[in-house]
Amino acid sequence: ELASTVEAYHMQHEQHTARQQGLEHQTVQRVQQHTDRISDLEADLSNARADAVVATTERDILAEQLAESQANLLDFAELKTLFLQAKSDLVDVSMQRDMSETVEAEKAALRCRAE
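Calculation notes
- Each residue is numbered by its place in its chain's sequence as written, counting from 1.
- Per-residue local features of the predicted model are confined to residues with pLDDT of at least 70, and side-chain atom pairs are confined, for both listing and counting, to 80 or more; whole-chain, interface and lining totals are unaffected and use all residues.
- Working from all heavy atoms in the structure, the side-chain values ignore hydrogens and water.
- Helix and strand assignments follow DSSP, with helices taken as H or I runs no shorter than four residues and strands as E runs no shorter than two, numbered in order from the N terminus.
- Values of the radius of gyration come from C-alpha atoms, whereas the globule rule sets the reference at 2.2 Å times the count of residues to the power 0.38.
- Note on areas: these come from Shrake-Rupley sampling with a 1.4 Å probe, and a residue is covered only by the protein chains present in the view.
- Salt bridges are identified by distance alone: a Lys or Arg side-chain nitrogen within 4 Å of an Asp or Glu carboxyl oxygen.
- Here the term buried applies to any residue with accessible area under 20% of the maximum for its type, exposed to any over 50%, and partly exposed to those in between, with areas from a 1.4 Å probe on protein chains only.

Across its full length, the protein carries one helix and zero strands. The C-alpha atoms of the protein give a radius of gyration of 49 Å, which is well past the 13 Å a tight globule of 115 residues would have. In terms of overall dimensions, the protein has C-alpha extents of about 165 × 15 × 10 Å along its principal axes. Element-wise, carbon and sulfur atoms account for 59% of the exposed surface of the protein, whose accessible area totals about 10,700 Å².

Dropping the structure here:
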């Protein structure tokens, strides 16, 4: 009976040891899976940071281009104003010239009548 008890004890010990080894193996696998997942997440984070740097650079470039475009629009508006003023001045000069020619023609007509 003692031999039977010892044998039962050995079987229980072997089963316990096998279960323990199985649990240890599962734990090692889970730790490896978690470690792999952490590595993947760190790589994703690194890529996201690089993308953010690129996006920030692109935003800065677009902001500079926008500022240049706005400055160009202001320059265009100023040139348009100058052009319209010059056009108005040209019309005024043309009207003055026409009036001067009319006055000169009237003077000449009066001279001719006077003679």
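Our next topic: the pattern of salt bridges. Under the counting rule described, the total for this entry stands at four salt bridges. Here Lys107 and Glu104 are joined by a salt bridge, their closest N and O atoms 3.8 Å apart. Note that Lys107 and Glu104 are positioned in helix H1 (residues 2-114) at a spacing of three residues, about one turn of the helix. Of the residues examined, Lys107 reaches a relative accessible area of 39% and is grouped as partly exposed. Within this structure, Arg97, Asp98 and Glu101 form a network of salt bridges that share partners.

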